[in-house]
Amino acid sequence: MNGKRIPPYLLVIVGGTGDLARRKLIPAICRLREKHLSEFYLIASGSGKKHNDQTYRDFIARSLEDEGVDLREIGDNLDWMYYQSVGGGSIEEYKVLADRVIQLEKEHNLPGNRVFYLAVPPSVFPNAIKNLGESGLNKSNGEIKLVVEKPFGQDLKSAQELNGLVHGYFDERQIYRIDHYLGKETVQNLLAFRFSNAMFESLWNRDRIERVEITVAETVGVEHRAGYYDKVGALRDMIQNHLTQLLTLVSMEVPTALEADDVRHEKVKVIRAISPISSEDVVFGQYTSGAVQGKEAAAYVEEEGVGKDSRTETFVALKLNISNWRWQGVPFILRTGKRMFKGITEVAITFRRPPVSIFRQFSINDIQPNKLVMTLQPNEGFDLFFKVKEPGDSYRLSTQKLHFQYSEIFGRIPDAYETLLLDVLRGDQTLFVRADEVESSWELYTPLLSHEFEVHKYASGTWGPTVAESLLDGDKWFTV
Ligand code: BG6
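Peer 1: Could you give an account of the overall build of the protein, naming the residues involved and the relevant values?
Peer 2: Scanning the protein from N- to C-terminus turns up twelve helices and 17 strands. In summary, the protein has a C-alpha radius of gyration of 24 Å against a globular reference of 23 Å for 480 residues, a match within 12%. Taken across its 480 residues, the protein has 55% of its residues classed as buried. Counted over contacts in the protein with a minimum sequence separation of 6, partners at least 24 positions apart contribute 76%. Carbon and sulfur atoms provide 50% of the accessible area of the protein, an area that totals close to 21,500 Å².

As structure tokens, then:
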């Protein structure tokens with residue numbers, strides 16, 4: 001997030017032929033190379049033996065085209081990319097990788113700055129971390145960094161074990177736990193919005209705010225990820241990380257400065273202030289067949305790789321309470337689902353109504369409260385809803401909004417992975433999840449994992465099971 005010059009680096013992507021590397025990381029690196037990187041090399045390491053350096057470059061060139069990166073336009077022939085198999089992931093194979101790293105560092109006269117990016121399924125993390133350490137790759141004369149994708153653990157115990165393992169080979173200052181939501185510009189803007197506009201910050205509390213809704217609705221289904229998703233479900237896939245991160249940014253106290261530890265201290269504090277979540281305040285759902293934006297969609301249990309009797313939740317809504325001076329008594333309602341009516345990520349703040357109505361025609365309940373809705377994607381921007389008098393001799397109120405949209409003012413918004421990779425290279429951990437933070441979040445949700453929730457069916461293309469509305473105490477969800 002700062003403008004420091006980036007020294008030469010070698011990036012090793014473990015899982016270099018996977019979807020994440022192909023679709024997100026490498027396109028992001030190509031864009032960064034153009035603007036920010038000069039001396040930069042990449043070794044993709046995969047489990048297959050089928051690639052050599054040239055076939056890997058060809059494979060990537062084809063997928064970059066699919067992602068809209070025109071190599072000719074940016075004058076790139078990908079000769080900074082190499083391929084090295086780690087086969088079955090044995091220590092011997094990692095030692096071969098280590099030799100290749102050292103050889104390339106010599107060849108290009110690099111100072112030993114290395115980033116290891118684990119773009120592999122979580123089941124591979126422990127072996128990869130151990131072998132990076134045991135092969136000596138975690139030691140050099142330069143800066144060493146390790147990037148670990150989500151999910152970091154699958155409950156409190158496994159997250160603690162993974163932290164224990166990783167701390168055996170890497171210092172916390174070297175570890176970048178990714179939650180790609182934190183790299184989204186509009187998510188970072190939550191901090192700018194709150195802490196550079198005193199007007200809003202002075203209203204940001206239990207005296208002025210009635211309710212906070214955080215929604216991440218997706219139109220996609222499980223796609224080709226059933227192998228991972230069916231074991232995980234929406235609570236672990238989305239709530240424990242992305243939605244909880246949004247919640248922390250909306251609710252944390254003002255950090256002393258926009259520095260990694262100042263921000264992360266405040267995030268941990270607010271997660272710790274959340275009261276245990278009652279199972280009565282949680283609704284699980286699973287999509288059935290239907291139509292999403294005019295396109296037919298199959299039921300979750302009919303998706304490739306999903307068992308007919310799967311009870312995995314593809315929708316979760318839950319209500320929680322932050323027990324501190326700022327928020328006590330204000331419900332925070334998190335909602336996420338796949339195959340929903342539309343794809344939208346938003347934070348909707350409902351302010352309190354005026355204490356009494358002075359308008360004879362309207363009772364206080366007729367006066368809709370002010371709302372502030374921050375749309376994080378797509379159509380990034382915000383809307384502030386307020387009441388005005390409609391012109392005329394009778395007294396009629398109507399709801400209007402102040403509207404701001406990023407695309408009308410700013411140009412292209414960088415992809416989250418561009419921001420995050422740049423921060424890794426610059427050594428800025430502000431947008432990465434600290435060990436105690438990931439554990440606090442698991443501590444909150446782990447008790448729910450063993451609860452047998454009823455899984456309510458909802459048709460694809462809807463807003464999820466209607467029973468979830470019970471969390472709103474008679475009110476309606478906000479959706480722009
Ligand atoms: C990932 C989840 O972390 O985030 C996916 O594993 C989900 O299930 C994705 O689809 C959503 O990310 P985005 O950036 O498309 O909102």
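Peer 1: Mind laying out the sheet that holds strand 17 (residues 455–459), listing which residues take part and the relevant values?
Peer 2: The mixed open sheet is built from nine strands, whose spatial order is 16-15-14-13-7-12-11-8-17. The open sheet has two edge strands with one neighbour each: strand 16 (396–405) and strand 17. Pairwise comparison of adjacent strand axes, ignoring direction, gives a mean angle of 20° for this sheet. Note: strand 7 (residues 209–217) against strand 13 (residues 344–351), eight bridges, orientation antiparallel. Following the sheet pairing, T215 is matched in strand 13 by E346. The sheet contacts of helix 8 (residues 226–251) involve strand 7, strand 8 (282–288), strand 11 (315–321), strand 12 (331–337), strand 13 and strand 14 (371–377), and relative to strand 12 the element is tilted by about 140°.

Peer 1: For the sheet that holds strand 1 (residues 9–14), give the residues involved together with the corresponding values.
Peer 2: Across the sheet, six strands lie side by side as 3-2-1-4-5-6; this open sheet has parallel pairing. Lying at the two open borders of the sheet, with one neighbouring strand each, are strand 3 (81–83) and strand 6 (175–177). On average, each strand axis in the sheet is tilted by 20° relative to the strand beside it, whichever way the strands run. Bridge count between strand 4 (residues 114–118) and strand 5 (residues 144–148): five bridges; the pairing is parallel. When the bridges of strand 5 are listed, R114 appears paired with I144. Against the sheet, helix 4 (residues 125–134) makes contact with strand 4 and strand 5, and its axis sits at roughly 160° relative to strand 4, the strand it touches most.

Peer 1: Just give me the short version of helix 3 (residues 91–107), but keep the residues and values in it.
Peer 2: Taking 1.5 Å of rise per residue, 17 residues should cover 24 Å, and helix 3 covers 24 Å from first to last C-alpha, within 8% of that figure. For helix 3, every residue scored as buried is listed here: E93, Y94, L97, A98, R100, V101, L104 and E105. Buried residues of helix 3 fall within an arc of 160° about the axis and therefore sit on the same side. Exposed residues on helix 3 whose side chains face more than 90 degrees from its buried face are E92, D99 and K106. Structurally, helix 3 contributes buried residues whose contacts are with strand 1, strand 2 (40–45), helix 2 (53–66), strand 3, strand 4 and helix 4. N109 sits one or two positions beyond helix 3 and adopts a positive phi of about 55°.

Each value, and the rule that gives it
- The residue count restarts for each chain, going from 1 along the sequence in the order it is written.
- Only residues with pLDDT of 70 or above have their local features reported here, since the model is predicted, and side-chain atom pairs are shown and tallied only from 80 upward, although totals for entire chains, interfaces and linings are computed over all residues.
- Hydrogens and waters are ignored; side-chain quantities use all the structure's heavy atoms.
- Secondary structure elements follow DSSP: runs of H or I of four or more residues count as helices, runs of E of two or more count as strands, with numbering from the N terminus.
- For the radius of gyration, the atom set is restricted to C-alpha positions; the globular benchmark scales as 2.2 Å times the number of residues to the power 0.38.
- In this scheme, a residue with accessible area under 20% of its type's maximum is buried, one over 50% is exposed, and one in between is partly exposed, where area comes from a 1.4 Å probe on protein chains only.
- We call two residues contacting when some pair of their heavy atoms lies within 4.5 Å.
- The Shrake-Rupley method, run with a 1.4 Å probe, gives the accessible areas here. Residue values count only the displayed protein chains as cover.
- Being paired, for any two strands, means DSSP has found at least two bridges between them.
- Only the stretch in contact is used when a helix axis is fitted, and all axes are lines through C-alpha atoms; the angle between N-to-C directions ranges over 0 to 180 degrees.
- Each helix should span, by expectation, one fewer than its residue count multiplied by 1.5 Å.
- Each direction from the helix axis to a C-beta atom contributes to the arc, which is the arc of those directions.

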